[in-house]
Each structure stands twice: as C-alpha cells, then as structure tokens.
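# Summary of the model geometry
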Amino acid sequence: MESGYWDRVAERMEAGYHLDPVMARHKRKVHLDLLREWCPATAGERVLKTDLFEEALAEDRILPDWPDPEGDARVFGVDIAPRIAAGAARRLGGRRSRPVHVAAGDALRLPFRDGAFDVVYSCSTLDHFPERAALLRGIAEAARVLRPGGRLIVALDNPEALFHPLARLFDRLGVLRFRLGETLSGERLEEELARLGLRVLDRRNIFHVPRVWCSALLGALRVLRIPADRFAGDRLERMERAGRKRKGRRTAWYVAALARLPEEKDETAGESR
C-alpha cells in the first residue's frame, strides 16, 4: 500500500485508535512476553521493527520497552508513512527510556544494507498487502537485512482464527479502520521461511481474545461510563493463558514464527523444526 494511504489512516487514528486502551495494553504485553522468551539476550545487538504504527499512535507500542536486560541494544524502527514515522519520533523522543532510531522506508525495500541487523521483528506489518506476492517479498526483504546467525520474528493475522472470517466481512463492508490483506497459515509461514534458507525454531499462536467482540464490549462500557479497565484486563489475561495452554490456533488473532538465518557453514540451513 502507498505511504499516503497509511498517512490518512494515521490521521484518523489520532482522533481515536482502533483498539480500546485495555486491548492495546494487553496486545503490548503479549508481544513483549513473546520477545522476552524468544530474544532473551540482545545486549549490544541491532534490532529492527518493520513498522512504527503502534509506536506512533497508541499504548501497544513495543520498541521503547524492548526486553533487553543490559539496556544497550541499538533499536531501530522504519515505516513507509512519513506521518507515522514522524509521530513515532515525537513520541519516542520525549521518553526517558532507551533511544529508538526512526526512519521512513518501505518494508519491501528496506533502507538498510544486507546483514545489518541481529534481530528483525515484523509485527503484523506484511498482512496488509492485497497480493500474496508482496507479503512474500516482505519476508524475503526482512531476511536480507539479517546477519548470518540472526533471528527473524514474523507475526501475521491468523487465517484459521474463528473470528477471522468476520473481520474479512467487515473489511469488505468498509467497516474496519484500515484494510486487511493477504496472510499465511502457520504451516505456510514455516515453509516460506525455510524456502529462504532460515531455520524455524518455534511457532506460536498469540493474542487469544475475540478482538471484535471485546472491542465492542469495552466501547459500550465506556459509553455507559462503567469503570471496567482492571476487570477487563484480568479477563483478557485469563483468556490469553487459556489459549496458550491449549495452543489454540482457532482462538488466536496472530500466528508468530521465530527463525534463524544460519551461519555460512551451518548445515541446518533450510531445515524446519
């Protein structure tokens, strides 16, 4: 999609984000918990997030709280939309936590040299393209800027979720705040990563909440001025724990995979877990 489209989306979102604040904070926690498990040691490493939507607009931001216990990872973010990149730079520049280096650029043509990063985190960036070929190019581009031995984390909308068809219907009706695009099942995502020569280390189904229903309910509670943030947050966390326990791919909004680009002489290249 063009940068102008996302600039217009950002302008609308500045007046009201698409996720209730409770949902946004829960989403942020889910992703940070996953990153703590999959990237427990990033001291001195260079980390890239392939869009800045959350960092520019709401409480589901990730980069300023990247889970680096040593605190010296170099964290970068890039976004195709100048308004989003500028908004992220303003919000992050005013924080006292770690510095985040912000750039404008296309996820299909990242403005970085080959092998520039130790970790690349693509958080629901590539599931907004209308063509699957663009999604696959985006995964290949993320792998291009990964150093040998580096880790790639890709999260995509889960097409097997029970409520995904409803979201697709809302998309066709023009109800959603931004357009959905092509996505991949967990199995297909693993295949594409392996095809690029990466070794898949793990795959998870995450964000086990009925997103559309929960957003509508929280919105109604706010209209009625019923203070339910803490109660709702606890309920979302219980849903998440239950979904993780049963590894439910039908209840998860996202499918996420962790893959490693083998060292040049690593014989495991192309193997799946």
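Predicted, not measured: the structure shown is a model, and the values here were computed from it. (Residues numbered from 1 in each chain as written. Predicted model: local features only at pLDDT ≥ 70, side-chain atom pairs only at ≥ 80, totals over all residues. Heavy atoms only, no water.)

Next up on the list: the overall build of the protein. In terms of regular secondary structure, the protein is built from 9 helices and 7 strands. The C-alpha radius of gyration of the protein comes to 18 Å, within 12% of the 19 Å expected for a compact globule of 273 residues. Considering only C-alpha atoms, the protein reaches an extent of 60 × 40 × 35 Å along its principal axes. A burial count over the protein gives 53% of its 273 residues as buried. As presented, the protein carries roughly 12,800 Å² of accessible surface, and 52% of it is formed by carbon and sulfur atoms. Computed over 49 positive and 42 negative side-chain charges, the separation of the two mean positions in the protein equals 5 Å. (Helix = DSSP H or I, 4+ residues; strand = E, 2+ residues; numbered from the N terminus. Rg over C-alpha atoms; globule rule 2.2 N^0.38 Å. Buried < 20%, exposed > 50% of the residue type's maximum accessible area, 1.4 Å probe, protein only. Areas by Shrake-Rupley, 256 points an atom, 1.4 Å probe, with all protein chains shown as cover. Lys, Arg positive; Asp, Glu negative; His and termini not counted. Charge placed at Lys NZ, Arg CZ, Asp CG, Glu CD.)

This part takes up the side chain of Asp202. Relative to the elements of secondary structure, Asp202 occurs in strand β6 (residues 199-206). In terms of polar contacts, Asp202 uses its side chain to reach the side chain of Trp38, at 3.1 Å. (Polar contact = N/O pair within 3.5 Å; in protein donor to acceptor, adjacent residues only side chain to side chain.)

What follows covers the pattern of salt bridges. According to the stated counting rule, one finds 29 salt bridges in the structure shown. The closest approach of N and O atoms between Asp33 and Arg36, which form a salt bridge, is 3.0 Å. Of the two residues, Asp33 and Arg36 both sit in helix α2 (residues 21-38), 3 residues apart, roughly one turn of that helix. Since its relative accessible area comes to 30%, Asp33 is described here as partly exposed. Of the charged contacts in the structure, one is a salt bridge between Arg203 and Glu187, with a shortest N-O distance of 3.5 Å. Taken as a pair, Arg203 in strand β6 and Glu187 in helix α7 (residues 186-195) lie far apart in primary sequence, 16 residues in all. Judged by relative accessible area, which is 33%, Glu187 ranks as partly exposed. (Salt bridge = Lys/Arg side-chain N within 4 Å of Asp/Glu carboxyl O.)

Together, Arg8, Arg12, Arg177 and Arg179 make up a region of like positive charge exposed at the surface. Within the secondary structure, Arg179 sits in the loop between α6 (164-173) and α7. Its relative accessible area of 41% is what places Arg179 among the partly exposed residues. (Patch = residues over 30% accessible without salt bridge, like charges linked within 9 Å, V, L, I, M, F, W, Y side chains within 5 Å.)

Before going further, it helps to examine helix α1 (residues 3-13). Considered for burial, the residues of α1 that qualify are Tyr5, Trp6, Asp7, Val9, Ala10 and Met13. Next to the buried residues of α1 lie α3 (53-57) and α4 (82-93). (Contact = heavy atoms within 4.5 Å.)

This part is about the pairing of strand β1 (residues 46-49). Within a regular beta strand, the side chains point alternately toward one face of the sheet and then the other, so they alternate between its two faces. Where β1 lies against strand β2 (residues 74-79), 4 bridges are found, and the strand directions are parallel. Among the inter-strand pairings, Val47 is bridged to a residue of β2, identified as Val75. Across 3 bridges, the pairing between β1 and strand β4 (residues 117-123) is parallel. Bridged to Val47 within β4 is Val119. (Pairing = 2+ DSSP bridges.)

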